[in-house]
Amino acid sequence: MTDSHRAPSPSGDDRVVERLVPAWLAEAAGSGSPMADRARRDWERGRLSPEAAEDLADWVTARVTDTAFNADKEPDPAARVRVSVADKAAVHRWLAARGHRLDAT
């Protein structure tokens, strides 16, 4: 017998976002940005403002660069999370699927 009321399993993009957003929120909170508190509250409610979505997209793009995008630079072992090019693409797809318009980065 199957359980037809089982919640669907998260997609790969969902898993990437669920792994990276806490690091993004923590880093934003550490910067003292007023947007950080709002972004955290929105995330907990299951949404992101257009500004927060753009900030997340920028953050994930920057973290790819900081964590071994360039083969000449070793990954930073102190980095909170590792962000691959595939992770960046997953976050951008996830945001776009939720109607966020992002600059081509």
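In case you missed it, the structure is sitting above this.
Residues numbered from 1 in each chain as written. Predicted model: local features only at pLDDT ≥ 70, side-chain atom pairs only at ≥ 80, totals over all residues. Heavy atoms only, no water.

### So, the overall build of the protein
Secondary structure assignment for the protein yields four helices and zero strands. If you list the helices and strands of the protein from N to C, you get α-α-α-α. With 105 residues in all, the protein has 33% of them scored as buried. A total accessible area of about 7,000 Å² is found for the protein, and carbon and sulfur atoms account for 52% of it. (Helix = DSSP H or I, 4+ residues; strand = E, 2+ residues; numbered from the N terminus. Buried < 20%, exposed > 50% of the residue type's maximum accessible area, 1.4 Å probe, protein only. Areas by Shrake-Rupley, 256 points an atom, 1.4 Å probe, with all protein chains shown as cover.)

### A few points about the packing of aromatic side chains
All told, the structure shown has one aromatic pair when counted by the stated rule. Relative to Trp94, the ring of Trp43 has its centre 5.9 Å away and its plane inclined at 55°; by these criteria the two rings are tilted. Linking Trp43 in helix α2 (residues 34-44) with Trp94 in helix α4 (residues 85-97), this pair joins segments that are 51 residues apart in sequence. On the basis of relative accessible area, Trp43 is assigned to the partly exposed category, the value being 24%. Of the residues examined, Trp94 reaches a relative accessible area of 11% and is grouped as buried. (Phe/Tyr/Trp six-rings, centres within 6.5 Å; stacked < 30°, edge-to-face > 60°.)

### Focus: the environment of Asp42
Note on placement: Asp42 falls in helix α2. For the pair formed by Asp42 and Ala52, sequence separation is ten residues and the distance between their alpha carbons is 9.0 Å. Each residue touching Asp42, except ones within four places of it in the same chain, is listed here: Arg47, Leu48 and Ser49. (Contact = heavy atoms within 4.5 Å.)

### A few points about the environment of Thr61
Looking at where Thr61 falls in the secondary structure, it is placed in helix α3 (residues 50-69). C-alpha of Thr61 to C-alpha of Val83: the two residues are 22 residues apart in sequence and 8.6 Å apart in space. Among the polar contacts made by the side chain of Thr61, one reaches the main-chain carbonyl oxygen of Ala57 at a distance of 2.9 Å. Reaching out from Thr61, the side chain makes a polar contact with the side chain of His92 at a distance of 3.4 Å. (Polar contact = N/O pair within 3.5 Å; in protein donor to acceptor, adjacent residues only side chain to side chain.)

### A closer look at the packing of helix α1 (residues 12-30) against α4
Helix-helix packing is characterised by the crossing angle of the two axes and by the distance between the axes. In the contact formed by α1 and α4, the axes pass within 9 Å of each other and the chain directions differ by 105°. Relative to α4, the element α1 lies roughly perpendicular. Within the contact between the two elements, α1 uses Asp13, Asp14, Val16, Val17, Arg19 and Leu20 and α4 uses Asp87, Ala90, Val91, Arg93 and Trp94. Split by residue class, the contact of α1 with α4 holds six nonpolar, no polar and five charged. (Axes fitted to C-alpha atoms, helices over the stretch in contact; angles between N-to-C directions. Parallel < 35°, antiparallel > 145°, perpendicular 65-115°, else oblique. Nonpolar A, V, L, I, M, F, W, Y, C, P; charged D, E, K, R; others polar.)

### Thoughts on α2
Within α2 the residues assigned to the buried category are Ala36, Ala39 and Asp42. The buried residues of α2 all sit within an arc of 130° when viewed along its axis, so they share a single face. Counted as exposed and oriented over 90 degrees from the buried face of α2: Pro34, Asp37 and Glu44. Gly46 sits one or two positions beyond α2 and adopts a positive phi of about 85°. (Arc of directions from axis to C-beta.)

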